[in-house]
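Results of the structural survey
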Amino acid sequence: GIGDLARGTGAGNPNPEAGAPCGGADLTSDTNNCGACGHVCGSTLYCASSSCVQGCTGGLLYVSPTGSDTATGCTSSAPLQTLTHALALGKAQGSALVQEIHACKGIYKEPQLSLDFKSSFRGSYDCTTWKRTATFGYPTFDGTNVSEIDSSATTGSSTVTTLIVGGASLDKTVVVDGWTIRGSSAPASSIALGLTAGGALVENDQLLGGSPTESSAADA
């Protein structure tokens, strides 16, 4: 009747709650409606199977020598400490969550590293602003925010590669740049950068021999 229409329950005023819940959001994967309408996971979690789990939703992991591998790495204020952990975390979370890994100034002395999943890998960032200088790379290599990867292998007889880049999913959208990469000082053959399968774009990097006296070595 007229009273029903006035109260909004008649055909002339449809129930505003009618229709898809949460505006049609997928409660199994929507980080703003995870498992229930309005349940927000936040910047360091993502929604998987209706539950909020650890992972970066911004597509970027941060690494700093003064960071911590117990941090999330999802923000510049909570960077990871090692490239080893960042690469492992990025691979576990997948390219849908981590598209780039950024490292700031410092020396990263770590075991052989491997980038075999679809994520760009970049160095030469300032540890405060997380920006690069305009002349960080070729041909200037200004040295302002040098991010150096050194192999931690110092003994042994087998060939050591500091950084291996390769994988079927690695195409030209994967960029490896802004690094100074030093070969191992182990008494064996050493490789600063090894490229295998795929076609990642490698640019604006400096490759160095393994010994502190590489400038005088015949095969440097």
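Residues numbered from 1 in each chain as written. Predicted model: local features only at pLDDT ≥ 70, side-chain atom pairs only at ≥ 80, totals over all residues. Heavy atoms only, no water.

Turning next to the state of the cysteines. Joining two cysteines, a disulfide is a covalent bond between their sulfur atoms. On inspection of all chains with the given rule, the structure shows three disulfides. The disulfide partner of Cys 41 is Cys 52, and the S-S distance across this bridge is 2.1 Å. The chirality of the disulfide connecting Cys 41 with Cys 52 is left-handed, given an S-S dihedral of about -80 degrees. Pair noted here: Cys 41 is in the loop between helix H1 (2-7) and strand S1 (45-48) and Cys 52 is in strand S2 (residues 51-54), with a separation of eleven residues, a long-range link. Put simply, Cys 104 and Cys 127 are joined by a disulfide, and their sulfur atoms are 2.1 Å apart. The sign of the 90 degrees torsion about the S-S bond sets the Cys 104-Cys 127 disulfide as right-handed. In this pair, Cys 104 is assigned in strand S4 (residues 98-104) and Cys 127 in the loop between strand S7 (120-125) and strand S8 (147-151), connecting sequence segments 23 residues apart. Relative accessible area serves as the criterion here: at 0%, Cys 104 is assigned to the buried category. Judged by its relative accessible area of 35%, Cys 127 is partly exposed. (Disulfide = S-S within 2.5 Å. Helix = DSSP H or I, 4+ residues; strand = E, 2+ residues; numbered from the N terminus. Buried < 20%, exposed > 50% of the residue type's maximum accessible area, 1.4 Å probe, protein only.)

All right, on to unusual backbone geometry then. Residue Tyr 138 is joined to Pro 139 through a cis peptide bond whose omega torsion reads 0 degrees. Tracing the backbone shows Pro 139 in the loop between S7 and S8. Even without being glycine, Ser 124 reaches a positive phi, approximately 75 degrees. Classification of Ser 124 by relative accessible area gives buried; the value is 8%.

Tracing the backbone shows Asn 145 in the loop between S7 and S8. The buried category is assigned to Asn 145, whose relative accessible area is 9%. In this structure Asn 145 touches Lys 105, Ser 124, Tyr 125, Asp 126, Lys 131 and Thr 133, once residues within four positions along its chain are discounted. (Contact = heavy atoms within 4.5 Å.)

As a further point, take the sheet that holds strand S14 (residues 206-208). Strand order across the open sheet formed by four strands is S5-S8-S11-S14, with parallel pairing between neighbours. Single-partner strands in this sheet number two, and they are strand S5 (106-110) and S14. Neighbour to neighbour, the strand axes of the sheet diverge by 20 degrees on average, direction disregarded. Here five bridges tie S5 to S8, and the two strands are oriented parallel to one another. Note on S8: the bridge partner recorded for Gly 106 is Ser 147. (Pairing = 2+ DSSP bridges. Axes fitted to C-alpha atoms, helices over the stretch in contact; angles between N-to-C directions.)

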